[in-house]
Amino acid sequence: MTSWLTAAVVGILAAVFQYGALRAPAAPIRVALASLRTLAVALVIALLLDAPMGRPRPTLPSVFVDGSLSMSRENAGLARIAWDSALAIHSDSLWTFGDSIERVARTRSAPVPSQAASRLRPIVERAMASGRPVILITDGEVQDSSALDGLPSGSRVIVLPRDARKDAAVVSMDAPRAAVEGDSVPIRVTISAGPAGAGSGSLAIQFDEQLLGRWPVDSVSAWGERQLDVRVRPQQAGGAGRAGGVLRAIVASAGDAEARNDTLASSIEVSRAASAVFVSTSPDEDARFAISVLRGALALPTRGFLHVAPGNWRQEGSLAPVTENEVRQAVRDAPVAIIHGDTAIFGPPQSTSFGPLALMVPPDVEDGEWYPSATPVSPLSGALAAIPLESLPPIAAGLPASGEWTGLEARRGRETMRRAIVTGRDTPRRVVTVTGSGFWRWRFRGGVGADAYAALWGGIFDWLAAERADRRSAVPEDGAIRAGQTVRWRRGSSSDSMPKAVLRRRGTTRADTVALKFAAGVAVAESAPLEPGIYDVSVPGGSAVIAVNNSGELLPARPKLRSGGVGRRAGVDAALGARNAGWVYALLIGLLCAEWIWRRRAGLR
């Protein structure tokens with residue numbers, strides 16, 4: 001009624017303004033013209049406001065109960081409270097939601113929360129189709145709270161309060177995917193706390209069943225986080241070559257209320273010897289990120305050496321001192337050698353190493369910003385084909401090196417001249433020369449830039465290391481995966497674009513076959529989420545390990561929702577608006593025509 005009242009007031013004011021000061025024609029005619037003007041203006045305002053044409057029709061709402069694992073965290077009993085609240089509401093239907101929605105019967109027994117995510121988009125899509133208002137009962141820990149605006153008007157959210165209890169959880173563990181046996185491996189573990197904080201305790205790191213170390217952890221304030229940087233030395237249990245194992249970070253704290261989020265597992269491959277040796281005479285972000293690609297995305301056991309001062313060499317990671325002779329010998333014996341900075345520090349690079357070689361040569365003087373512009377046909381074309389060159393930050397370019405092929409070109413500003421940045425040759429052995437720097441900016445910004453960085457250096461190192469023992473057609477991209485997340489696979493050295501992976505969950509006899517499909521020019525494929533557990537993977541050419549952890553729903557999280565009304569979209573219970581009534585437009589045109597004709601006959605313009 002407010003919109004109609006507003007329309008009427010505006011119409012009366014418009015009529016008074018138009019005819020209130022006139023003295024001719026006669027009063028009855030002025031009143032009639034003013035009435036027509038009032039009605040016409042009122043209808044225009046009503047159309048602008050889409051004023052309702054009747055009373056709303058009451059419609060029963062649909063009730064959605066949060067069925068994600070967060071409702072069972074800390075044994076808070078929220079699932080039972082939510083279900084009792086849903087049964088007390090007179091509704092059209094009853095549903096549970098999480099990573100999907102499912103209709104449930106109105107029984108006294110509450111469904112067990114089991115879904116690995118809390119997404120509102122499926123609810124909004126169904127509400128848009130039915131037009132019914134929605135009542136949402138949840139703990140407020142959802143992933144896409146902005147989607148609530150798409151619900152029909154009259155919808156509301158009921159957020160159940162959670163008792164504040166102490167809880168410490170392992171949120172993430174940054175560890176390399178591959179390591180050399182006996183090397184010190186850096187690990188960064190992030191621990192978070194719930195609304196009541198977390199008590200002091202300890203962090204243990206295990207490799208398979210072997211305890212690698214234990215470190216004290218101070219108490220954490222409410223909703224706080226704490227990072228611990230530790231170093232461990234994983235050892236193979238037996239055998240030779242490359243062995244896949246599981247690295248576990250386990251936190252124990254006083255008064256912890258939820259045990260399911262205390263452990264995070266990640267797969268790691270430990271090799272008897274290094275598959276790549278990285279030497280840098282001018283350590284910078286390019287060197288740091290290149291090593292992370294070797295150990296991470298490519299899972300190559302890598303040993304790094306840094307030249308920090310004249311005559312002073314350090315082992316990358318632990319910064320333990322090493323002699324120059326040890327570095328020379330490591331480069332000479334390396335299956336794949338990468339030299340960054342002064343590539344002639346040990347003499348002519350071609351005689352320094354006898355295996356595949358990568359030379360990263362930063363320019364001595366920067367002469368402007370160079371933008372990647374082309375990826376000519378080369379052995380790297382498959383890896384670089386999908387790189388969005390126009391979206392990448394600029395780099396610094398040095399003088400191009402000679403080679404049999406060019407993998408990447410760059411252009412300075414708007415100039416048409418191009419300069420080769422990545423060149424290579426196949427004979428007498430595989431050598432790649434990169435005469436640029438600043439690639440770290442791609443990785444630092446994340447998004448498509450980070451994917452492009454991994455594609456570039458992954459393609460270079462993969463091509464150099466094509467003769468290594470690892471012949472797997474596909475390998476898991478991530479070391480640590482959580483339930484509900486898709487599994488990402490990176491294409492291996494095989495040319496098979498549709499390999500099959502056989503997954504066997506430890507502790508069971510069941511084997512599942514997953515068919516992977518790598519699109520042309522794309523090095524990553526995805527498969528369906530897995531249940532928590534450790535999976536032994538068999539792929540053509542070798543094997544791997546996948547560690548699937550409990551869902552992120554079990555981690556402490558601040559509620560993103562508050563109780564109250566939500567939704568802006570019109571529902572089926574809303575009255576018909578003026579814009580949807582065709583006779584309103586016809587009446588408006590008739591009123592305007594009648595006023596115009598009457599004004600002409602009365603001698604008014």
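For every chain, the first residue of its written sequence is number 1, and the numbers climb from 1 along that sequence. With the structure being a predicted model, the display of local features is reserved for residues of pLDDT at least 70 and the display and counting of side-chain atom pairs for 80 or more, all residues being used for whole-chain, interface and lining totals. Values reported for side chains reflect all heavy atoms of the structure, with hydrogen atoms and water molecules removed beforehand.

A. The sheet that holds strand β18 (residues 337-340), seen in detail. Pairing between two strands requires that DSSP report at least two bridges joining them. We count a stretch as a helix when DSSP gives it H or I for four or more residues in a row; a strand needs E for two or more, and each element gets its number in order from the N terminus. The strand order across the open sheet built from 10 strands is β17-β16-β15-β14-β18-β19-β24-β23-β22-β20, with neighbouring strands paired in mixed fashion. The open sheet has two edge strands with one neighbour each: β17 (321-322) and β20 (370-374). Summarising the sheet, strand β16 (residues 312-315) and β17 pair through two bridges and their orientation is antiparallel. For Trp 313, the partnering residue across the bridge sits in β17 and is Val 322. Across the face of the sheet, helix α5 (residues 285-295) comes into contact with β14 (276-280), β15 (302-309), β18 and β19 (357-360) while running at roughly 175 degrees to β14. Taken strand by strand, helix α6 (residues 324-333) contacts β14, β15, β16, β17 and β18, and its axis lies near 135 degrees from that of β14. Working rule for contacts: check all heavy atoms of both residues, and any pair within 4.5 Å makes them a contact. Only the stretch in contact is used when fitting a helix axis, every axis being a line fitted to C-alpha atoms; angles between N-to-C directions are given from 0 to 180 degrees.

B. Seen up close, the pattern of salt bridges. We define a salt bridge as a side-chain nitrogen of Lys or Arg found within 4 Å of a carboxyl oxygen belonging to Asp or Glu. Tallying each qualifying case throughout the model produces 22 salt bridges. Notably, a salt bridge pairs Glu 409 with Arg 418, separated by 3.5 Å at the nearest N-O pair. Between buried and exposed lies partly exposed: a residue is buried under 20% and exposed over 50% of the maximum accessible area for its type, with that area taken using a 1.4 Å probe on protein chains only. Arg 418 sits in the partly exposed class, given a relative accessible area of 45%. The partner of Asp 478 in a salt bridge is Arg 488, and the shortest N-O contact between them spans 4.0 Å. Of the two residues, Asp 478 sits in the loop between β26 (474-476) and β27 (480-482) while Arg 488 sits in strand β28 (residues 487-491), which places them 10 residues apart along the sequence. Here the salt bridges do not stand alone but share partners, grouping Arg 73, Asp 139, Glu 141 and Arg 162 into one network.

C. Focus on the sheet that holds strand β33 (residues 542-549). If you trace the five strands from one edge of the open sheet to the other, you get β27-β33-β32-β29-β30, paired in mixed fashion. Every other strand in the sheet has two partners, leaving β27 and β30 (511-515) as the edge strands with one partner each. Put simply, the sheet's adjacent strands are angled 35 degrees from each other on average, direction ignored. Pairing geometry for strand β29 (residues 500-505) and β30, over five bridges, is antiparallel. The residue bridging Leu 503 from the neighbouring strand is Asp 512, located in β30.

D. Here's a closer look at the pairing of strand β1 (residues 62-66). The element β1 is extensively covered by neighbouring structure, given that five of its five residues are classed as buried. Neither face of β1 is exposed, since Ser 62, Phe 64 and Asp 66 on one face and Val 63 and Val 65 on the opposite face are all buried. Bridging between β1 and strand β4 (residues 134-138) involves four bridges; their strand directions are parallel. Within the sheet, the bridge partner assigned to Val 63 lies in β4 and is Ile 135.

E. Region of the structure containing a nonpolar patch on the surface. Patch membership is restricted to residues that have no salt bridge and whose relative accessible area is over 30%. Joining uses 9 Å for like charges and 5 Å for the nonpolar side chains Val, Leu, Ile, Met, Phe, Trp and Tyr. Using a 1.4 Å probe, accessible areas were evaluated by the Shrake-Rupley method; residue-level cover was limited to the displayed protein chains. A contiguous nonpolar patch, built from Leu 5, Val 9 and Leu 13 and spanning about 300 Å² of accessible area, is present on the exposed surface. Note that Leu 13 resides in helix α1 (residues 2-19). Owing to a relative accessible area of 57%, Leu 13 belongs among the exposed residues under this scheme.

F. A look at the packing of aromatic side chains. The pairing test for Phe, Tyr and Trp rings, Trp by its six-membered ring, is centres within 6.5 Å, and the orientation test on the planes gives stacked under 30 degrees, edge-to-face over 60, and tilted for anything in between. Evaluation of the coordinates by the stated rule reveals nine aromatic pairs. Judged by centre distance (6.2 Å) and plane angle (50 degrees), the rings of Tyr 453 and Trp 457 are tilted. Here Trp 457 and Tyr 453 lie together in helix α10 (residues 448-464), a separation of four residues that amounts to about one turn. Accessibility classification places Tyr 453 together with Trp 457 in one group, the buried group. Chaining the aromatic ring pairs together yields one cluster made of Phe 289, Phe 439, Trp 442, Tyr 453, Trp 457 and Phe 461.

G. Representation of unusual backbone geometry within the structure. Looking along the chain, the bond that leaves Thr 427 and enters Pro 428 is cis, with omega of 0 degrees. Mapped onto the secondary structure, Pro 428 falls in the loop between β23 (418-425) and β24 (431-434). In the Ramachandran plot, Asp 208 falls in the positive-phi region, its phi being about 55 degrees despite a non-glycine side chain. Turning to its location among the elements, Asp 208 is positioned in the loop between β9 (201-207) and β10 (210-217). Of note in the backbone geometry, Leu 319 takes a positive phi value of approximately 60 degrees without being a glycine. Note on placement: Leu 319 falls in the loop between β16 and β17.

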